[in-house]
Amino acid sequence: METLETREYPIRINRIAKSRIESVDFSKIPFGKVFSDHMFYADYVNGKWTNATIEPYGNISFAPSISGLHYGQLIFEGMKAYKNEAGDTLLFRPLMNYDRMVKSAKRMAMPAVPKEIFKEGLQELLRLDNDWIPPRPGASLYIRPFMFATDEYVGIRPSENYRFMIFTCPVGPYYDRPVKVKVAEKYVRAFEGGTGQAKTAGNYAATLMPVIEAKEQGFDQILWLDGCHFEEVHEIGTMNVFFVIDGTVVTPSTEKGTILEGVTRDSVIKIFEHKGVPVEVRPLKIAEVVEAHEKGLLHDAFGAGTAATIAHISEIGYKGKHMILPDVKDRPISNMVKEELINIKRGRTADPFDWIYTVPA
Ligand SMILES: Cc1ncc(COP(=O)(O)O)c(C=O)c1O
């Protein structure tokens, strides 16, 4: 066992005896099913963060009564690490993920994980599992920080103890083709005053059954609308949504607290602004999307998120109608932003926004 000295939270490190990397076929990795050698954790006990540890990835043991399993005090993040051509490890705007996790924690009555634990734990994990970051185009190392309540207590109150963890998995592309989305007409993901803006497990659990129904109807995902009137466009299951209407990019605003504030969303908006592409961030009614399509002015629609980067939408199903979008090759705006984003993330182009964080070797 080694110890990495940090400013406040030393990390104990128990390295794996033999890496599992040779058993992995990096040319065909399914998304989210292959896990790298190590994981990081730290515990919140008696009001203090302690026990920062890196261990071989593996099972963890908790009592069946821990409240995170019962009442949903569970938050998570999703980010990716890339390798540039020089072999450096690059992270894309990692502090945005940290800040969002702090915000999610607040909404779910959980403590904030200290920035040092998040940052040092992640960096050390990436150094140890450096060989697991696939250098191939289209592939990356997906990073999953998360935190859950660990009080052994049956009853509804905020837990007093928590565990924060990070594990990573090498991944390939999330979608291998454009997605077909069905507009929500019956089910709800988020509403004002709810938890839509927190990255918390229950938000995702609630969408599983509606997505099964959508898949039975031939769609891949749901385009969620506001939960009160089914009028305003919110987002897609794991992506924020953008439309190009008559040459202007439009994406729903997030100030009502119902939409996840995506790192990709913010980056896409900034790239468009930088490139002089007109972009509007405002409430957007589904009726406006339908009308634009009817007039032939809906030129593009796409989802934006860490897992998929940019996912073109090929079809939008609403009230029995199928709105078909132009061929992907005829979508200059989303294709431009996709390429720009990928190039910045992989360190292939200048980073005018100072978004890339290079993990110190
Ligand atoms: C509901 C939801 N919306 C949007 C996003 C996109 O966010 P980001 O770009 O930070 O990955 C995600 C992914 O985390 C998500 O789960």
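For the structure itself, consult the block above.
Calculation notes
Residue numbers here run from 1 along each chain, matching the order of that chain's written sequence. Residues qualify for local features only when their pLDDT is at least 70, as the model is predicted, and side-chain atom pairs are given and counted only at 80 or more; totals for whole chains, interfaces and linings, by contrast, use all residues. Working from all heavy atoms in the structure, the side-chain values ignore hydrogens and water. Two kinds of site are reported from a 1 Å grid over the protein atoms alone, namely cavities, where a 1.4 Å probe fits but cannot get out, and pockets, open sets with protein on both sides within 12 Å along at least five of seven lines, and residues are called lining when an atom falls within 4 Å of a point. Grid points are joined across faces, edges and corners, and a volume is the space filled by probe spheres set on the points. Per the convention used, a helix needs a DSSP run of H or I reaching at least four residues, while a strand needs a run of E reaching at least two, with both numbered from the N terminus. Amino acid classes used here: Ala, Val, Leu, Ile, Met, Phe, Trp, Tyr, Cys and Pro are nonpolar; Asp, Glu, Lys and Arg are charged; the rest, including Gly, are polar. Boundaries of every domain are those given by an automatic assignment or by a domain database. Relative accessibility thresholds used throughout: buried, under 20% of the residue-type maximum; exposed, over 50%; partly exposed, between the two (1.4 Å probe, protein chains only). Here a polar contact is recorded for every N or O atom pair within 3.5 Å, except that within protein the pair must consist of a potential hydrogen donor and a potential acceptor, and residues adjacent in sequence are included only if both atoms are side-chain atoms. Pairs of residues are marked as contacts when any of their non-hydrogen atoms sit within 4.5 Å. Near residues are defined by distance, with any heavy atom within 4 Å of the molecule or strand qualifying the residue. Only the protein chains shown count as covering a residue, and every accessible area follows the Shrake-Rupley method with a 1.4 Å probe. Each molecule is assigned to a cavity or pocket provided more than half of its atoms lie within 2 Å of the corresponding grid points.

How would you sum up the layout of surface pockets? Please name residues and give values.
Here the idea is plain: a probe the size of a water molecule rolls over the atoms and shows the empty space left. Of the pockets and cavities examined, the largest pocket occupies roughly 890 Å³. Surrounding the largest pocket, 40 residues form its lining, R144, Y174, Y204, T238 and A307 being those nearest its centre. Of all elements in the fold, only β8 (140-149), β9 (162-171), α4 (201-216), β11 (221-225), α5 (263-275) and β16 (298-305) reach the threshold of two or more residues within the lining of the largest pocket. Across the lining of the largest pocket, the residue classes break down as 20 nonpolar, 11 polar and 9 charged. For the lining of the largest pocket, the domains that each give at least three residues are domain 1 (2-171) and domain 2 (179-345).

How would you sum up the side chain of N203? Please name residues and give values.
Tracing the backbone shows N203 in helix α4. A relative accessible area of 5% means that N203 is categorised as buried. Within the local environment of N203, its side chain forms a polar contact with the side chain of T195, the two groups lying 2.7 Å apart. In this structure the side chain of N203 is engaged in a polar contact, spanning 2.8 Å, whose partner is the backbone oxygen of A198. Dropping the residues within four chain positions of it, N203 is found in contact with R189, T195, G196 and A198.

Please give an account of the site of the ligand that cites residues and values.
Every one of the 16 residues lining the ligand counts as a neighbour, but K199, Y204, E235, T264 and T306 are closest to it. Y204 places a side-chain nitrogen or oxygen 2.5 Å from an oxygen atom of the ligand. At 2.8 Å from an oxygen atom of the ligand is found a main-chain nitrogen or oxygen belonging to V263. Within the complex, 96% of the 390 Å² of free accessible area of the ligand lies under protein. Of all the cavities here, the one that holds the ligand is the largest pocket. Elements represented by at least two residues in the shell around the ligand include exactly α5 and β16.

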